[in-house]
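This is what each chain is made of:
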Amino acid sequence: MTDLSNPPQPEGERPARQRKPDWIRVKAPVSKGYHETRKLMRDLNLNTVCEEAACPNIGECWTKKHATVMILGDVCTRACAFCNVKTGMPRIVDPMEPENVAVAAGKMGLEHIVITSVDRDDLPDGGAGQFVKVIKALRRETPDTTIEILTPDFRGKMRPAVEAICEAGPDVYNHNLETVPRLYPTIRPGARYYASLRLLEEVKSHDPMIFTKSGIMLGLGEQRLEVHQVMDDMRSADVDFMTMGQYLQPTPKHANVEEFVTPKAFDAYGAIARAKGFLQVASTPLTRSSYHAGDDFAEMKAAREAKLAKAAAKTA
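Residues numbered from 1 in each chain as written. Predicted model: local features only at pLDDT ≥ 70, side-chain atom pairs only at ≥ 80, totals over all residues. Heavy atoms only, no water.

1. Some words on the overall build of the chain
Alright, step 1. Counting its secondary structure elements, the chain contains eleven helices and ten strands.
Alright, step 2. Looking at the chain as a whole, 51% of its 316 residues qualify as buried.
Alright, step 3. Residue pairs in contact within the chain that sit at least 24 positions apart in sequence constitute 74% of those at least 6 positions apart.
Alright, step 4. Total accessible area computed for the chain in this model is approximately 15,800 Å², and 54% of it derives from carbon and sulfur atoms. (Helix = DSSP H or I, 4+ residues; strand = E, 2+ residues; numbered from the N terminus. Buried < 20%, exposed > 50% of the residue type's maximum accessible area, 1.4 Å probe, protein only. Contact = heavy atoms within 4.5 Å. Areas by Shrake-Rupley, 256 points an atom, 1.4 Å probe, with all protein chains shown as cover.)

The structure is reproduced here in structure tokens:
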């Protein structure tokens, strides 16, 4: 019997992309601040995940002179089913990149900066050394800027990579789990869920005062109880900050959106995460790893100070 609710597609044709609901639509960026930020990134030969990952918040963030710099080039050695970054053999690492990142932070007057990267499985250290150089350049040139990094999993070289980066002293260490473990073979085939959890544990083991952060995308076919289990796994790794946002299909070649999760459902997930003990939770359809990162960092820092003060009062 033919399923009329899902008619077969003519050979060679792709199904039409789903129409986005009103709550996920954003206006095209046109502001002066957006164009100034874009020009600065081009002048300094810097890549941003805002552009490469087609972030829906780019107009808002760049207007406010906020940008997430993507180091180690714009070509990734992995091919995750959700990600819009190019895949292939990357070019050599730019030796001027750390200084250029620091210059950009100074010119933009950033109080908080987020640094991420492509996966660089081709490099002996997975690119950890470049993170260290960027952190050191920022500490030297813009010492008042707080630093948040979002790293890959450093497959096969995780422990020395994390140790070197933690020694450089970022304020926040982010590594995203991206989705529930059941979906890893199709959504994140080059990574392993429990290896990513171990990375987050390793950060806290090396320096408990570094805030840790991780996030997942919703709408890929995950079940509610699976999301709750991810929350528990993150808390068992002592993750401080959890983010949840709607997955959006970058192109028809990428994984399909299985569901547009409603704002009400995001609110419910956020409430459950807070009840589980995270210092900070961001859970909205448009939430991304670095969206409102500076404001969130300030709130997370205040939450930890309050928690420590409360604990000290109890023991007094």
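From this point, the discussion proceeds with the structure in view.
2. Thoughts on helix α8 (residues 193-206)
Alright, step 1. Between its first and last C-alpha, α8 extends 20 Å over 14 residues, near the 20 Å set by a 1.5 Å rise per residue.
Alright, step 2. All of the buried residues along α8 are Y193, S196, L197, L199, L200, E202, V203 and K204.
Alright, step 3. Elements in contact with the buried residues of α8: α6 (158-168), β7 (172-174), α7 (184-187), β8 (211-218), α9 (224-236) and α11 (293-315). (Expected span 1.5 Å × (residues − 1).)

3. Observations regarding unusual backbone geometry
Alright, step 1. With a phi angle near 70°, L72 is a residue other than glycine that sits in the positive phi range.
Alright, step 2. A positive phi angle, close to 75°, is found at E178, a residue other than glycine.
Alright, step 3. Along the polypeptide, E178 turns up in the loop between β7 and α7.
Alright, step 4. On the accessibility criterion, E178 (15% relative accessible area) is buried.

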